[in-house]
Amino acid sequence: NAGVMQNPRHLVRRRGQEARLRCSPMKGHSHVYWYRQLPEEGLKFMVYLQKENIIDESGMPKERFSAEFPKEGPSILRIQQVVRGDSAAYFCASSSNRARGSGANVLTFGAGSRLTVL
Amino acid sequence: TQLLEQSPQFLSIQEGENLTVYCNSSSVFSSLQWYRQEPGEGPVLLVTVVTGGEVKKLKRLTFQFGDARKDSSLHITAAQPGDTGLYLCAGAPDRGSTLGRLYFGRGTQLTVWP
């Protein structure tokens, strides 16, 4: 299966702990996006990364959240000192290149990582 | 503030019925996508519409992009239980925004009973 792989699928943390979510993009994809889906809400964009670069992090909370996409290995979304409000499904998506003109950039989503903060 | 409003929020119908769900905004989008999401899974892309007034068909599903590129609809003919799922619309703003940054609606939860 060459799809977007996310792990862990489920993660339970106590308040104040750290959560690390990993995402391996589809083979051949060099663009990674993280989205968060809160209960009863739609998916919200968090951050867009290319290898070793953060391109757009305007959707990321200013504190406690960080993301990276190193030259080797998966992209990682890190949440420090988690709080109950961080409980959500975190989805990673990848794409192969930037769309040209007004065409849409086709994203392939992973199955998500569900974080529960106790 | 939700950029894309989807309606209805919930829809429960019998197998064989037709249905339409809507995705509306006051903003213009360069493209709009429809996804279906199953419980515990990520969204799966169904279609992308780019041109105002565009109509695309995918078997029993018909997607339309409004002339002004502010709204879209999804029509399902003769719904089947396998159509059950959360239908999400997502838009890419007209210009000046990160490609791949999509604005999602909250979705329409469709249940089709046998």
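It should be emphasised that the depicted structure is a prediction, and the values quoted were computed from it without experimental measurement. (Residues numbered from 1 in each chain as written. Chains lettered and ligands numbered in written order. Predicted model: local features only at pLDDT ≥ 70, side-chain atom pairs only at ≥ 80, totals over all residues. Heavy atoms only, no water.)

## Observations regarding the pairing of strand S8 (residues 71–76) of chain B
Residue and element names in this part refer to chain B. In this structure, strand S3 (residues 19–24) lies alongside S8, joined through 6 bridges in antiparallel fashion. Each residue of the ladder has a partner; that of leucine 19, found in S8, is isoleucine 76. Between strand S7 (residues 61–65) and the antiparallel strand that follows it, S8, lie 5 residues; arginine 69 among them carries a positive phi value of about 60°. (Pairing = 2+ DSSP bridges. Helix = DSSP H or I, 4+ residues; strand = E, 2+ residues; numbered from the N terminus.)

## Some remarks on the layout of surface pockets
Taken as a whole, the largest pocket spans an internal volume of roughly 450 Å³. What lines the largest pocket is a set of 20 residues, and nearest its centre among them are A:Gln37, A:Glu40, A:Glu41, B:Gln37 and B:Leu86. A breakdown of the residues in the lining of the largest pocket according to their chemical character gives 7 nonpolar, 7 polar and 6 charged. (1 Å grid on protein atoms, 1.4 Å probe; cavity = no way out; pocket = protein on both sides within 12 Å on 5 of 7 lines; lining within 4 Å. Points joined across faces, edges and corners; volume = space filled by probe spheres on them. Nonpolar A, V, L, I, M, F, W, Y, C, P; charged D, E, K, R; others polar.)

## A few points about the interface of chain B and chain A
Between chain B and chain A, the residue contacts involve 24 residues of the former and 25 residues of the latter. The tally of links from chain B across to chain A stands at 1 salt bridge. A salt bridge links B:Arg101 to A:Asp56, with the nearest nitrogen and oxygen atoms 3.9 Å apart. On inspection of chain B and its partner chain A, the count reaches 4 residue pairs in polar contact (both at pLDDT 80 or more). Among the secondary structure elements, those contributing two or more residues to the side of chain B that touches chain A are strand S4 (29–37), strand S5 (44–49) and strand S9 (85–93) of chain B. (Contact = heavy atoms within 4.5 Å. Salt bridge = Lys/Arg side-chain N within 4 Å of Asp/Glu carboxyl O. Polar contact = N/O pair within 3.5 Å; in protein donor to acceptor, adjacent residues only side chain to side chain.)

## Digging into the sheet that holds S3(B)
All names here are of chain B. Ordered by their spatial adjacency, 5 strands build an open sheet running S1-S3-S8-S7-S6, and the pairing between neighbours is antiparallel. Lying at the two open borders of the sheet, with one neighbouring strand each, are strand S1 (5–7) and strand S6 (55–58). Strand-to-strand twist across the sheet, computed as the mean angle between neighbouring axes with direction ignored, equals 15°. Pairing of S6 with S7 involves 4 bridges; the strand directions are antiparallel. Across the sheet, lysine 57 pairs through a bridge with threonine 62, a residue of S7. (Axes fitted to C-alpha atoms, helices over the stretch in contact; angles between N-to-C directions.)

## A few points about the pattern of salt bridges
Any two side chains of opposite charge can pair, so long as their charged atoms come close to each other. Inspection of every chain in the model, using the stated rule, returns 7 salt bridges over all chains. Among the ionic pairs, B:Glu54 bridges to B:Lys56, the shortest N-O distance being 3.7 Å. The exposure class assigned to B:Lys56 is partly exposed, which follows from its relative accessible area of 31%. Between B:Arg60 and B:Asp83 there is a salt bridge, with its nearest N and O atoms 2.9 Å apart. Of this pair, B:Arg60 sits in the loop between S6 and S7 while B:Asp83 sits in the loop between S8 and S9; the two residues are 23 residues apart in sequence, bridging distant segments of the chain. B:Arg60 gets classed as partly exposed once you look at its relative accessible area, which sits at 24%. On the basis of relative accessible area, B:Asp83 is assigned to the buried category, the value being 6%. Ionic contacts of the salt-bridge type, sharing partners, join the residues A:Glu18, A:Arg20 and A:Arg78 into one network. (Buried < 20%, exposed > 50% of the residue type's maximum accessible area, 1.4 Å probe, protein only.)

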